[in-house]
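Residues per chain, in single letters:
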Amino acid sequence: MQKSLWALFFTIVLALGLHAEEFNKMATGEPELIQKGEAKAYCPMCGMNINHNYKTSHGVYLKDGTAKQYCSIRCLAADFPLIESHISKIVVTDAKSEKLIDAKSAFYVVGSKVPGTMSMVSKLAFEKEADAKAFAVENGGEVSTFDVAFAKAKASLADDADEFTKRKQKGMYPMGEKIYHAGCQKEKINLHAFKTIGELKANIKKTAVCGELGDKELQSVSLYVWEVLRAEEHPEHKTTMNVQKDEKCPVCGMFAYKYPKWAARISYNENGKTVNHAFDGPKDMLKFYLNPAKWGNYTKHNDTEITVLVSDYYTGAVIDGKKAFYVIGSDANGPMGKEFIPFSTLKSAQTFMKDHKGLQIVEFSKIDEPLVYAQDK
């Protein structure tokens, strides 16, 4: 009897219209935006229009009274290590009522037919469990909690970043570069005046320094300026490591560009010129750093003169390798097997170690050759 009632209920709900082919992530009415200022409609992490992705949007209220709103749980996960200790509440859009609700009490449908936002796997939230179950029956996916959905979002950060970087390299970056060089007043765009890509995008739109642009064109030029031009000027702001196709790892001889999420780099000045070495992973970089003579580099350099860059495993961002936290002994293997998995914060390293059966977190200054070569066994 109970099963029959549930079946009847789902039939009625589905008839009201929650079909995948009809589902649109845009707000049907006025979206509830919690950010302030001219950039309130844009995700601070990727610049996406929140209105266009309103039904996957997430927000945080911080302890200082400010708020941030993201296009997706993926962008929340990417920003989380920097704001975790400042969060007082996390909210999410109920995909049915389109109201902002407490994310931790929401019911998530993970992996439905609806495309993900900045992620290869979609994650939609509902205030009522019955709505989530009805949506999953029609569109696929599993009903779960915020904690489960958020853990999956964090775990897939690196893969999502890799996939979407490839897509941007093929489409958005070239479009943005063309617009920037052909129609922008370059001298009026200050790369250092903005804290987020959302602020940059809002300014380009307001000032019309690149002319009147549609949302896709505006997003593409904003991405190009923020992620390409800004990164070229300040490598520490890069979202992915810049590795040329002819750069081989001096330790193993593999082409480093084939492994963007693992790439590492060492650079220093020699005889007035900058010398760069790209590596297919932190482990090989550490082998070179600790004993450069073994790999054909016989010049002695002071440690302060050597720049070490690695890729944060979760976000793909380029970070200072000397300040990173490395997880060893985990179940995540790199191109050369067991790896030193780098993170910008101790908290994210601890989360990864718990989720991926890591054995130890080590700081750069505590790593020696025996520890490095032990990972080859």
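### What to know about the pairing of strand 10 (residues 307–311)
Then comes step 1: Buried residues dominate strand 10, accounting for four of its five residues.
Then comes step 2: Both strand 8 (residues 264–270) and strand 10 contribute to a ladder of three bridges, which runs antiparallel. Bridge pairing in strand 10 links Ile 266 to Val 308.
Then comes step 3: Two elements, strand 10 and strand 11 (residues 318–320), share three bridges in a ladder whose sense is antiparallel. Each residue of the ladder has a partner; that of Leu 309, found in strand 11, is Asp 320.
Then comes step 4: Connecting the antiparallel pair strand 10 and strand 11 is a turn made up of six residues, with Gly 316 showing a positive phi of about 80°.

### Some remarks on the sheet that holds strand 5 (residues 107–110)
Then comes step 1: Pairing within the open sheet is antiparallel, and its three strands lie in the order 6-5-7. Edge positions in the open sheet fall to strand 6 (123–126) and strand 7 (142–144), since each of these has one partner strand only. Here the strands of the sheet are splayed against their neighbours by 30° on average, with no regard to which way each runs.
Then comes step 2: In this structure, strand 5 lies alongside strand 7, joined through three bridges in antiparallel fashion. Its bridge partner lying in strand 7, Val 110 is registered against Glu 142.

### Describing the sheet that holds strand 12 (residues 325–328)
Then comes step 1: Read across the open sheet, the three strands follow the order 15-12-16; overall the sheet is antiparallel. Lying at the two open borders of the sheet, with one neighbouring strand each, are strand 15 (341–343) and strand 16 (360–363). With strand direction ignored, the average angle separating the axes of adjacent strands in the sheet is 30°.
Then comes step 2: Inspection of the sheet shows strand 12 paired to strand 16 by four bridges, in the antiparallel sense. Its bridge partner lying in strand 16, Val 327 is registered against Ile 361.

### Some details on the environment of Asp 215
Then comes step 1: Relative to the assigned elements, Asp 215 resides in helix 8 (residues 215–233).
Then comes step 2: The partly exposed category is assigned to Asp 215, whose relative accessible area is 29%.
Then comes step 3: Once the C-alpha coordinates of Asp 215 and His 52 are considered, the two residues, 163 residues apart in sequence, prove to be 10.0 Å apart.
Then comes step 4: Here Asn 49 takes part through its side chain, which lies 3.4 Å from a polar atom of the side chain of Asp 215.

### Topic: helix 2 (residues 73–83)
Then comes step 1: The element helix 2 is largely enclosed, with a buried count of nine among its 11 residues.
Then comes step 2: Residues of helix 2 that are buried: Ile 73, Arg 74, Cys 75, Leu 76, Ala 77, Ala 78, Asp 79, Phe 80 and Ile 83.

### Digging into the packing of aromatic side chains
Two descriptors summarise a pair of aromatic rings, namely the distance from one centre to the other and the angle between the planes of the rings.
Then comes step 1: Counted by the stated rule, this structure contains 15 aromatic pairs.
Then comes step 2: With a centroid separation of 5.5 Å and 70° between ring planes, the pair formed by Phe 23 and Phe 135 is classed as edge-to-face. Placement of Phe 23 in the loop between helix 1 (2–15) and strand 1 (58–62) and of Phe 135 in helix 3 (residues 129–139) is noted, with a sequence separation of 112 residues between them.
Then comes step 3: Measuring from ring centre to ring centre gives 5.1 Å for Phe 343 and Phe 352, while their planes differ by 45°; the resulting arrangement is tilted. Each member of the pair, Phe 343 as well as Phe 352, carries the same accessibility label: buried.
Then comes step 4: Feature note: the residues Phe 80, Tyr 108, Phe 146 and Phe 150 constitute an aromatic cluster, connected by ring pairs.
Then comes step 5: Here Lys 55 stacks its cationic end above the ring of Phe 23, 5.0 Å away from the centre of that ring.
Then comes step 6: In this structure, Arg 167 is placed above the aromatic ring of Phe 164, and the distance from its NZ or CZ to the ring centre is 4.6 Å.

### Some thoughts on the packing of helix 2 against helix 4 (residues 146–155)
Then comes step 1: Following both chains from N to C, one finds helix 2 and helix 4 inclined at 70°, their axes separated by 9 Å at the closest point. By the angle class used here, helix 2 and helix 4 are roughly perpendicular. Along its contact with helix 2, which presents Ile 73, Leu 76, Ala 77 and Phe 80, the element helix 4 presents Phe 146, Ala 149, Phe 150, Ala 153 and Lys 154.

### A word on the packing of helix 5 (residues 157–170) against helix 6 (residues 172–183)
Then comes step 1: Where helix 5 meets helix 6, the closest approach of the two axes is 3 Å, and the angle between their N-to-C directions is 40°. Here helix 5 lies oblique to helix 6, going by the angle between them. Contacts between helix 5 and helix 6 involve Arg 167, Lys 168, Gln 169 and Lys 170 on the former and, on the latter, Met 172, Tyr 173 and Pro 174.
Then comes step 2: When its residues are assigned to classes, the contact of helix 5 with helix 6 shows three nonpolar, one polar and three charged.

### Comments concerning the side chain of Ser 311
Then comes step 1: As for its position among the elements, Ser 311 is in strand 10.
Then comes step 2: Judged by its relative accessible area of 3%, Ser 311 falls in the buried class.
Then comes step 3: A polar atom in the side chain of Ser 311 sits 3.0 Å from the backbone oxygen of Ala 263.
Then comes step 4: Setting aside residues up to four positions removed in sequence, Ser 311 forms contacts with Met 241, Pro 260, Lys 261, Ala 263, Gly 316, Ala 317 and Pro 342.

Rules of the game
- Residues numbered from 1 in each chain as written.
- Predicted model: local features only at pLDDT ≥ 70, side-chain atom pairs only at ≥ 80, totals over all residues.
- Heavy atoms only, no water.
- Buried < 20%, exposed > 50% of the residue type's maximum accessible area, 1.4 Å probe, protein only.
- Helix = DSSP H or I, 4+ residues; strand = E, 2+ residues; numbered from the N terminus.
- Pairing = 2+ DSSP bridges.
- Axes fitted to C-alpha atoms, helices over the stretch in contact; angles between N-to-C directions.
- Polar contact = N/O pair within 3.5 Å; in protein donor to acceptor, adjacent residues only side chain to side chain.
- Phe/Tyr/Trp six-rings, centres within 6.5 Å; stacked < 30°, edge-to-face > 60°.
- Lys NZ or Arg CZ within 6 Å of the ring centre and 35° of its normal.
- Parallel < 35°, antiparallel > 145°, perpendicular 65-115°, else oblique.
- Contact = heavy atoms within 4.5 Å.
- Nonpolar A, V, L, I, M, F, W, Y, C, P; charged D, E, K, R; others polar.

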